[in-house]
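Structural overview
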Amino acid sequence: MRRPVALRLQAALGTLALAAAAGVVLTMPEAVAAAGGATGYATQNGGTTGGAGGQTVRATTGTAIHQALCGRASSSTPITIEVEGTINHGNTSQVSGDSCSTAADKIELKQVSNITIVGVGGGAVFDQMGIHIRDSSNIVIQNVTVRNVKKSGSPTSNGGDAIGMESDVRNVWVDHSTLEASGGESEGYDGLFDMKDNTQYVTLSYSVLRNSGRGGLIGSSESDRSNGYITFHHNLYENIDSRTPLLRGGIAHMYNNHYKSLNESGINSRAGAKAKVDNNYFEDSKDVLGTFYTDQAGTWQVSGNIYDNVTWSEPGEDNNPAGPDPKSNTTVSVPYSFTLDAASCVPSVVSATAGANKGLKVSDGSCTPQSPDPTDPDPTDPPSGTNLSLTAGADGSSKASGTSYGNVRDGDLATYWSPAGTTGSISVKWSSATTVSKINVREAAGSQGAIGSYRVLDHATGAVLASGSGAGVITFSPVSLEKITFQITGASGTPRIAEFETYAG
């Protein structure tokens, strides 16, 4: 008899508990942000580029993510938000502004566009905190983990969806992410990746979806058929009861995915939907393709799939499994190019590439994982070029005893400036106008993580060039100025800035 998802998790959770009790620290590789480009249907309808071309800010709290959204000039101003650390209910609050509409119980992307959210550094974990995309377009989410989002119990978020999209959403690319729960609906969880109410041109790639009753849906009811043009490729679905996905109307393309331990049903094409299913590997699963739980049939085109220890139910009034010998009953053409890995290598190539903190590796189409192009920049790396601060001056607000403004521009990480309190500002200045488009704020040893929220200002005009949370590399549109100010507006301890580096590009 099949056990509920939550019971099947007990052994794994026990192992993690023992590791935590022993003080084991799991380290994760540095992420390379936004490598490559969108694939599948996300390349259509004008493409999906997220915040490319806009400023880059760092956020270590949910509130800082919302502040970055609200600090833009408009709701469509491009922005890349680098996220590091754990985002949860304790550090996420509603922020107001003309360029945003946020909420305290979720990461809210509502009525906005041109945004990238990417996990960097030690990793980004959205713990019991869902990401909600509503009436928005051109969104990239990459290299993040979203886990244990609940619709009942406590705390609740996003209707129980890890990532949910609804109401006229266009062009979303979710890539190299891990979406997971710890059970099914009876344990308080809903879907991992849901799309409804006119959501189109979406790609989910190189991601892991696991330990949930529901993988995701496209269409909230049999009448919600305005969704579609969705691509799923090189994903791992593991220990999922159903909906990998549930497709009501519309077209979806699934290729080179590894489906493992689908306990009740898998790809559920119904209500006139069309599913193109190419070179996937189905393993240790039941009813991996068909129309289930309805008499409103969908269709599928199948090619090159492997069915390894897959069982099939007998057809019935509300169930029409595609197997045991799946055949195509429609034809589906897609408008983009793609290269198929052989189905036989899908388990190995997906294992090496899919999920957060895997280095954004991808397949080359010949079953060989490839690292991102080394020419792709890592925004967490120090900027290249000359540090303009080395030949500049410095001043700022009141400083702590024993520190100096000049310590932020001397190239010595052992010296630092510190404000008299937990907030304050430090400036770098030149005798004539100098073009700056990137800064690197380096905290002194022992004080890393103290800097909370910040603003970068053109000192002469007061214009806000960037805002966000946490130290590190900050990019903005090139500006010519004589004095640039880093203003700390919130901190978790006493900030200590070892270097305030400035760069032309």
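Residues numbered from 1 in each chain as written. Predicted model: local features only at pLDDT ≥ 70, side-chain atom pairs only at ≥ 80, totals over all residues. Heavy atoms only, no water.

**Section: the nonpolar core**
With 92 residues, the main nonpolar core has Phe126, Phe193, Ile484 and Phe486 as its most contacted residues. Per-element tally for this core: the top contributor is strand β33 (residues 472-488), with seven residues. Excluding anything up to four places from it in sequence, Phe126 contacts Ile65, Val83, Ile87, Ile107, Ile117, Ile131, Val144, Thr145, Val146 and Arg147. (Core = buried A, V, L, I, M, F, W, Y, C linked by side-chain atoms within 4.5 Å. Buried < 20%, exposed > 50% of the residue type's maximum accessible area, 1.4 Å probe, protein only. Helix = DSSP H or I, 4+ residues; strand = E, 2+ residues; numbered from the N terminus. Contact = heavy atoms within 4.5 Å.)

**Some thoughts on the state of the cysteines**
Under the definition given, this model contains two disulfides. Here Cys70 engages in a disulfide with Cys100; their sulfurs sit 1.9 Å apart. In this structure, the disulfide formed by Cys70 and Cys100 twists by about 95° around the S-S bond and is classed as right-handed. Of this pair, Cys70 sits in helix α3 (residues 62-70) while Cys100 is found in the loop between β2 (79-87) and β3 (107-110), placing the two residues 30 residues apart along the sequence. For Cys100, a relative accessible area of 13% translates into the label buried. With its bonded cysteines labelled in order along the sequence, the chain shows the pairing 1-2, 3-4. (Disulfide = S-S within 2.5 Å.)

**Some points on the confidence of the model for the chain**
This prediction gives the chain a mean pLDDT of 89; 90% of its residues lie at or above 70. This model gives residues 6-34 a pLDDT under 50, and the stretch forms 42 contacts once residues within four places in sequence are excluded. Taken together, the stretch residues 375-380 has pLDDT below 50 and engages in 17 contacts with residues farther than four places along the chain or on a different chain. (pLDDT = per-residue confidence, 0-100.)

**A word on the environment of Leu179**
With respect to the secondary-structure elements, Leu179 resides in strand β10 (residues 178-183). Note on Leu179: relative accessible area 0%, which makes it buried. The contacts of Leu179, once residues within four sequence positions are left out, are Val146, Ala162, Ile163, Leu192, Phe193, Val208, Leu209 and Arg210.

**Here's the deal with the side chain of Ser389**
In this structure, Ser389 sits in the loop between β28 (369-370) and β29 (393-396). Looking at Ser389, the relative accessible area reads 0%, which means it is buried. Of the polar contacts made by the side chain of Ser389, one reaches the backbone oxygen of Phe500; its length is 2.7 Å. Those residues in contact with Ser389 that lie beyond four places of it in its chain are Arg409, Val428, Phe500, Glu501 and Thr502. (Polar contact = N/O pair within 3.5 Å; in protein donor to acceptor, adjacent residues only side chain to side chain.)

**A closer look at unusual backbone geometry**
Following Ser154, the chain continues into Pro155 via a peptide bond in cis, with omega recorded as -5°. Cis geometry is adopted by the peptide bond preceding Pro245, which originates at Thr244 and carries an omega value of 5°. Inspection of the secondary structure puts Pro245 in the loop between β16 (236-242) and β17 (246-248). The backbone of Asp168 shows a phi angle near 60°, a positive value even though the residue is not glycine. As for its placement among the helices and strands, Asp168 is situated in the loop between β8 (163-166) and β9 (169-175). By relative accessible area, Asp168 is classed as partly exposed at 40%. The phi angle at Ala271 is positive, at roughly 55°, despite the residue not being glycine. Here Ala271 lies in the loop between β20 (267-270) and β21 (274-278). Since its relative accessible area comes to 2%, Ala271 is described here as buried.

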